[in-house]
Amino acid sequence: MTDDRPRIGISACLLGQPVRFDTGHKRDPFLVETFGEHVEWVPVCPEMEAGFGTPRESMRLVLTEPQVRERGERYDPSKIALRLNKQGTDVTERLVSYSKPRAEELAAAGLSGFVLKKDSPSCGMERVKVYSPEGPGERAGRGLFAEALMARLPNLPVEEEGRLGDPRLRENFVERVFAYQRLVALFAGRWTVGSVVAFHTAHKLTLMAHSPVAYRELGQMVADAKQRERGEFAGEYQARFMKALAAIATPKRQANVLQHMLGYFSNDIDQDARNELLQLIEEHRLGSVPLVVPMTLMKHHVRRQQVTYLLGQTYLDPHPRELSLRNHV
Ligand code: SF4
């Protein structure tokens, strides 16, 4: 039996492993009990793997020189050090020299995503507190391991467990994980322009729901694929595809896509059925009902009318139904 569940890296403390500095953990019930049913976890604790052990002294990010930055910008990671809280010992080199080769290993491990522990000076993805000798810390850093991981795998879907508490961010992350798995599988094999066209066609409505601009631009890129050098095309398509999916599919965009879908079979159903569907689409656009409501009726019509193009769209079922992610967006 083959296991085609996506492999997802995860900060090991989120799975309940007692790897935190105080020998505790930060078990996350959604990740362990719900999402965990559908993925294969690859746990990583950078501080343990770098040899710090438990219990250990807690650490913090510290500015090594003053920095001017725009509002909302992160600090330059080359001017940040990782220090032990009490002793003040600089352990930057130890964690960086572990993280770079570990990120290289993870790049070869066939991951389709990574869930990081928020606020950690090693694992945090964003808004990690950076202390400065002059004043209170600012939330403008990224953990050192997260930095190495995201630099090595820039297209990989990465999220923090804290942000996954937001239903839209959660739905977006899980959708990206499964899309990334398909994308990597496409380009890992002996791909042809025909196989890229088939992949792109199946994801058209997904792209439209996330970014109408990217939908048009990627369509043009695929149309010109034969004129492009293969490696360059593959790299650019993957980067732009994943960037497009990182934009949140808002109710307004979902409504536009659903109306677009209705156009494929509008003349094949009666006025009452059409009005019922349009009403639910509008209610979703206005925020009165979750996406699952118009989507369920849409799927019913698509199946009944056997609209081949729509039946082939990943948009209809982008992630396992049991996760019920569209019940909350
Ligand atoms: S946040 Fe990262 S480094 Fe800290 S305990 Fe969890 S996995 Fe280990």
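Heads up: these notes are all about the structure in this document. Note on numbering: residues in each chain are counted from 1, in written sequence order. A pLDDT threshold of at least 70 governs which residues receive local features in this predicted model, and a stricter bar of 80 or more applies before side-chain atom pairs are shown or counted, although totals over entire chains, interfaces and linings include all residues. Processing note: side-chain calculations cover all non-hydrogen atoms of the structure and skip hydrogens and water entirely.

**Overview of the overall build of the protein chain**
Next up, step 1: Numbering of helices and strands runs from the N terminus, with a helix taken as a DSSP run of H or I at least four residues long and a strand as a DSSP run of E at least two residues long. When helices and strands are tallied, the protein chain shows 13 helices and 8 strands.
Next up, step 2: Principal-axis analysis of the C-alpha atoms places the extent of the protein chain at approximately 75 × 50 × 45 Å.
Next up, step 3: A 1.4 Å probe rolled over the protein chains alone gives each residue an accessible area, and that area as a share of the maximum for its type sets the label: buried under 20%, exposed over 50%, partly exposed in between. Evaluated residue by residue, the protein chain yields a buried proportion of 48% over its 329 residues.
Next up, step 4: We call two residues contacting when some pair of their heavy atoms lies within 4.5 Å. Here the analysis covers contacts within the protein chain between residues at least 6 apart in sequence; of these, 66% occur between residues at least 24 apart.
Next up, step 5: For the area figures, the Shrake-Rupley method with a 1.4 Å probe applies, and any residue is considered shielded solely by the protein chains shown. Counting every atom, the protein chain has about 16,200 Å² of accessible surface; 49% of that belongs to carbon and sulfur.
Next up, step 6: In this charge count, Lys and Arg are treated as positive and Asp and Glu as negative; neither His nor the chain ends contribute. One atom stands in for each charge, and that atom is NZ of Lys, CZ of Arg, CG of Asp or CD of Glu. For the protein chain, the separation between the mean place of its 45 positive charges and that of its 42 negative charges on side chains is 1 Å.

**As for helix α6 (residues 193–202)**
Next up, step 1: Every buried residue of α6 is listed here: V196, F199, H200 and A202. Along α6, the residues classed as buried sweep out an arc of 165° about the axis, all on the same side.
Next up, step 2: Elements in contact with the buried residues of α6: α5 (167–188), α7 (204–210), α8 (212–223) and α9 (230–246). What the arc covers is the set of directions going from the helix axis to the C-beta atoms.

**Brief notes about the pattern of salt bridges**
Next up, step 1: We define a salt bridge as a side-chain nitrogen of Lys or Arg found within 4 Å of a carboxyl oxygen belonging to Asp or Glu. Overall, the coordinates contain 22 salt bridges when judged by the stated rule.
Next up, step 2: Here D76 ties to K79 by a salt bridge, and the two come within 3.8 Å at their closest N and O atoms.
Next up, step 3: With relative accessibility at 30%, the residue D76 sits in the partly exposed group.
Next up, step 4: In this structure K79 comes out as partly exposed when scored by relative accessible area, which is 27%.
Next up, step 5: Through salt bridges that share partners, E217, R228, E232, E236 and R240 make up one connected network.

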